[in-house]
Amino acid sequence: MQLYTTCQGCGKEIVIKSGAVTRPDLEREQGEYITIKCDQCPKREQVDVNDIIARPNSTILWLGLVLGVASAVFLWWIYRAIGLISLGLPIIIWQQHSVKVDTFNRYKIKTYK
């Protein structure tokens, strides 16, 4: 899962490096407002945790696809029909990744102002 926001100055996408799986985890890790600096423009700004969006990390999805196909070919070569079962590996990885992204994007932290 990759976290990102957009720069208010130039509109460029800024990737936020964090291992947080949920917004509360991100808030505990970096605070309610995250200070970001855009690489394109010299603007430095504070972004609310609720303005951060998650999207699937394509590297993980491609890695799951490659591992699933490789294991399917290997198992097909040895055990025949059992190799087809391992084609489900990329589907399981994609599904779990999508659930994490949807959970992050759906949950917003309540702010009391």
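The structure under discussion appears in the preceding block.
Residues numbered from 1 in each chain as written. Predicted model: local features only at pLDDT ≥ 70, side-chain atom pairs only at ≥ 80, totals over all residues. Heavy atoms only, no water.

Quick word on the overall build of the protein
Counted only if it meets this: Numbering goes from the N terminus for both helices and strands, where a helix is a DSSP run of H or I of at least four residues and a strand is a run of E of at least two. Our radius of gyration is a C-alpha quantity, and the globule rule it is checked against amounts to 2.2 Å times the number of residues to the power 0.38. The contact definition used throughout considers only heavy atoms, calling two residues in contact when any of these lie within 4.5 Å. Note on charges: Lys and Arg go in the positive column, Asp and Glu in the negative column, and His and the chain ends are not counted at all. Charge positions are represented by NZ for Lys, CZ for Arg, CG for Asp and CD for Glu.
For the protein, the helix and strand inventory stands at 4 helices and 5 strands. Listing each helix as α and each strand as β along the protein from the N terminus yields β-β-α-β-β-β-α-α-α. Radius of gyration (C-alpha) of the protein: 19 Å, far over the 13 Å computed for a compact globule of 113 residues. C-alpha atoms of the protein, sized along the principal axes, occupy 60 × 30 × 20 Å. Counted over contacts in the protein with a minimum sequence separation of 6, partners at least 24 positions apart contribute 54%. Side chains of the protein carry 14 positive and 10 negative charges; the gap between the two charge centres is 5 Å.

Describing the sheet that holds strand β1 (residues 2-6)
Cut-off, in case you're wondering: A pair of strands counts as paired when DSSP detects no fewer than two bridges linking them. Every axis corresponds to a line fitted to the C-alpha atoms, with the helix fit spanning only the stretch in contact, and the corresponding angles, defined between N-to-C directions, vary from 0 to 180 degrees.
Pairing is antiparallel across the open sheet formed by 3 strands, whose spatial order is β2-β1-β5. Two strands bound the open sheet, and with one partner strand each, they are β2 (13-16) and β5 (53-55). Averaged over all adjacent pairs, the angle separating strand axes in this sheet is 40°, with direction ignored. Judged from the 3 bridges that link them, β1 and β5 form a sheet pairing that is antiparallel. Each residue of the ladder has a partner; that of L3, found in β5, is A54. Strand contacts of helix α4 (residues 88-106): β1 and β5, with the helix running at about 170° to β5, the strand carrying the most contacts.

Here we look at the pattern of salt bridges
Note the threshold: Any carboxyl oxygen of Asp or Glu that lies within 4 Å of a side-chain nitrogen of Lys or Arg is treated as forming a salt bridge with it. The buried label applies to any residue whose accessible area, calculated with a 1.4 Å probe on protein chains only, is under 20% of its type's maximum; exposed applies above 50%, and partly exposed to all values in between.
According to the stated counting rule, one finds 2 salt bridges in the structure shown. Between E13 and R55 there is a salt bridge, with the nearest N and O atoms lying 2.8 Å from each other. Of the two residues, E13 sits in strand β2 while R55 sits in strand β5, which places them 42 residues apart along the sequence. A relative accessible area of 25% means that R55 is categorised as partly exposed.

Some details on the nonpolar core
Using the following cut-off: For the purposes of this section, nonpolar cores are sets of buried Ala, Val, Leu, Ile, Met, Phe, Trp, Tyr and Cys residues that join through side-chain atoms within 4.5 Å.
Counting residues in hydrophobic clusters, the biggest one holds 18 residues, and the most contacted among them are M1, L3, L26, I52, A54 and F104. Elements with a minimum of two residues in this core: β2, β3 (33-37) and α4. A54 has contacts with M1, Q2, L3, V101, F104 and N105, leaving out every residue within four places of it along the chain.

Points about the pairing of β1
Both β1 and β2 contribute to a ladder of 4 bridges, which runs antiparallel. Bridging across to β2, T6 finds its partner in E13.

Some details on the pairing of β3
Each regular strand carries side chains that alternate between the two faces of the sheet. Of the two faces of β3, the one holding I34 and I36 is buried and the one holding Y33, T35 and K37 is not buried anywhere. Alignment of β3 against strand β4 (residues 44-48), held across 5 bridges, turns out to be antiparallel. Following the sheet pairing, T35 is matched in β4 by Q46. Counting the residues between successive antiparallel strands, the hairpin from β3 to β4 contains 6 residues.

Re the packing of aromatic side chains
What counts is decided by this rule: Any Phe, Tyr or Trp ring, taking Trp's six-membered ring, that has another such ring centre within 6.5 Å forms a pair; planes under 30 degrees apart are called stacked, those over 60 apart edge-to-face, and the others tilted. By definition, being over a ring means that NZ of Lys or CZ of Arg is both within 6 Å of the ring centre and within 35 degrees of the ring normal.
This structure, assessed with the given rule, holds 0 aromatic pairs. Lying across the ring of Y4, R55 places its NZ or CZ 4.5 Å from the centre.

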